[in-house]
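Structure at a glance
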Amino acid sequence: MFSIVDQNQHFVMINKYHGVSVQKEADHAALLPAVAAHIGVEKVYLVHRLDKMTSGLLLLATSSHAASVLSGLFASREIEKFYLALSAKKPRKKRGLIVGDMTKGRRGSWKLLTSKDNPARTRFISITGGEGRRLFLCRPYTGKTHQIRVAMKSIGSPLIGDDYYGGEPADRGYLHAYGLQFTCRFSDDQPETRYNYVLPPSHGELWPALPVEWEQPWHLIS
């Protein structure tokens, strides 16, 4: 279900595999207890979420205090998140900012609206992904459900393997939590520490090689 990327006294960073839910499902083992047992702690705390189809960096706190600190950083949008996405269809524009309110559609899907009362905001750049595909580097500034999946569909590039939003069938849904960056202090007597994580996808037949300049995504999309 996962592999360990990093661990300290306050949190554990895992690589959540695609197809694994962060919530317990009737026919699957629960992810969070499995992580806690693996690292030898009583409990880990979910401070943000990834869709079941999405692989990559998932940050889990190892104490209620750390969970409060990290949840606060996510709520105030002080944690920078970067995702890789792959589509079989060319977008209407190769880079830009997608802004709009989101509303529920059918079967648990969501739609992007032209209104901007409480909008989702996603900036992206894209390059060729080989064999007619398009590879995206996305930074969501907000944390709406299915935000990147809906944003990509709105520009004509539903993600490969994302049947909710009209993507072509594939061995997996091609969305990956690729980068995470934040500055944090867990107590007043500790200095602020800068944390940077980049994790290329490890599963999926169609992922292309990533360009060197994407190795530090926070320098590309601010």
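A brief look at the structure comes next.

Cut-offs and rules
- Residues numbered from 1 in each chain as written.
- Predicted model: local features only at pLDDT ≥ 70, side-chain atom pairs only at ≥ 80, totals over all residues.
- Heavy atoms only, no water.
- Helix = DSSP H or I, 4+ residues; strand = E, 2+ residues; numbered from the N terminus.
- Rg over C-alpha atoms; globule rule 2.2 N^0.38 Å.
- Buried < 20%, exposed > 50% of the residue type's maximum accessible area, 1.4 Å probe, protein only.
- Contact = heavy atoms within 4.5 Å.
- Areas by Shrake-Rupley, 256 points an atom, 1.4 Å probe, with all protein chains shown as cover.
- Polar contact = N/O pair within 3.5 Å; in protein donor to acceptor, adjacent residues only side chain to side chain.
- Phe/Tyr/Trp six-rings, centres within 6.5 Å; stacked < 30°, edge-to-face > 60°.
- Lys NZ or Arg CZ within 6 Å of the ring centre and 35° of its normal.
- 1 Å grid on protein atoms, 1.4 Å probe; cavity = no way out; pocket = protein on both sides within 12 Å on 5 of 7 lines; lining within 4 Å.
- Points joined across faces, edges and corners; volume = space filled by probe spheres on them.
- Nonpolar A, V, L, I, M, F, W, Y, C, P; charged D, E, K, R; others polar.
- Salt bridge = Lys/Arg side-chain N within 4 Å of Asp/Glu carboxyl O.

What the chain contains, in helices and strands, is 3 helices and 12 strands. Relative to the compact-globule value of 17 Å for 222 residues, the chain shows a C-alpha radius of gyration of 17 Å, a close match. With the C-alpha coordinates of the chain rotated into their principal frame, the extents come out at 50 × 40 × 35 Å. Counting every position in the chain, which comprises 222 residues, the buried fraction comes to 48%. For the chain, the proportion of contacts with a sequence separation of at least 24, taken over those separated by at least 6, is 61%. Surface exposure of the chain reaches about 11,100 Å², of which carbon and sulfur atoms provide 46%.

Let's shift gears to the environment of T128. As for its position among the elements, T128 is in strand β9 (residues 120-130). Taking the C-alpha atoms as reference, T128 lies 43 Å from S64; in sequence the two are 64 residues apart. Discounting residues that sit within four places of it in the chain, T128 has contacts with R133, R134 and L135. Only 3.3 Å separates the side chain of T128 from the backbone nitrogen of G130, close enough to count as a polar contact.

Our next topic: the packing of aromatic side chains. What characterises a pair of aromatic rings is the spacing of the ring centres plus the angle enclosed by the ring planes. Inspection of the entire model under this criterion finds 8 aromatic pairs. Here the aromatic rings of F82 and W218 are separated by 6.1 Å at their centres, their planes lie at 65°, and the arrangement is edge-to-face. One end of the pair, F82, is in strand β5 (residues 80-87); the other, W218, is in the segment after β12 (193-198), with 136 residues separating them in the sequence. On the accessibility criterion, F82 (0% relative accessible area) is buried. For W218, a relative accessible area of 13% translates into the label buried. Through a chain of ring-to-ring contacts, the aromatic side chains of F11, F182, F186 and Y195 assemble into a single cluster. The ring of Y164 carries R107 above its face, with NZ or CZ at 5.7 Å from the centroid. Just above the ring of Y174 sits the side chain of R172; from NZ or CZ to the centre is 5.5 Å.

Before going further, it helps to examine the layout of surface pockets. Empty pockets left among the atoms are what a rolling probe the size of a water molecule brings to light. Approximately 610 Å³ is the volume attributed to the largest pocket. As for the largest pocket, its lining consists of 27 residues, and the residues nearest its centre are R49, K81, Y83, G143 and K144. Put simply, the parts of the chain that give the lining of the largest pocket at least two residues each are α2 (64-75), β5, β10 (133-140) and α3 (147-154). Across the lining of the largest pocket, the residue classes break down as 11 nonpolar, 8 polar and 8 charged.

Scanning all chains against the criterion turns up 4 salt bridges. Note that E80 is salt-bridged to R194, the shortest N-O span being 3.9 Å. Pair noted here: E80 is in strand β5 and R194 is in strand β12, with a separation of 114 residues, a long-range link. Since its relative accessible area comes to 17%, E80 is described here as buried.

Its identity is not glycine, yet R107 carries a phi of approximately 55°, on the positive side. Residue position: R107 is located in the loop between β7 (102-104) and β8 (110-112). In this structure, E131 takes a positive phi of about 55° despite not being glycine. Along the chain, the position of E131 falls in the loop between β9 and β10.

Take it as geometry only, folks, not as evidence of what the structure does.
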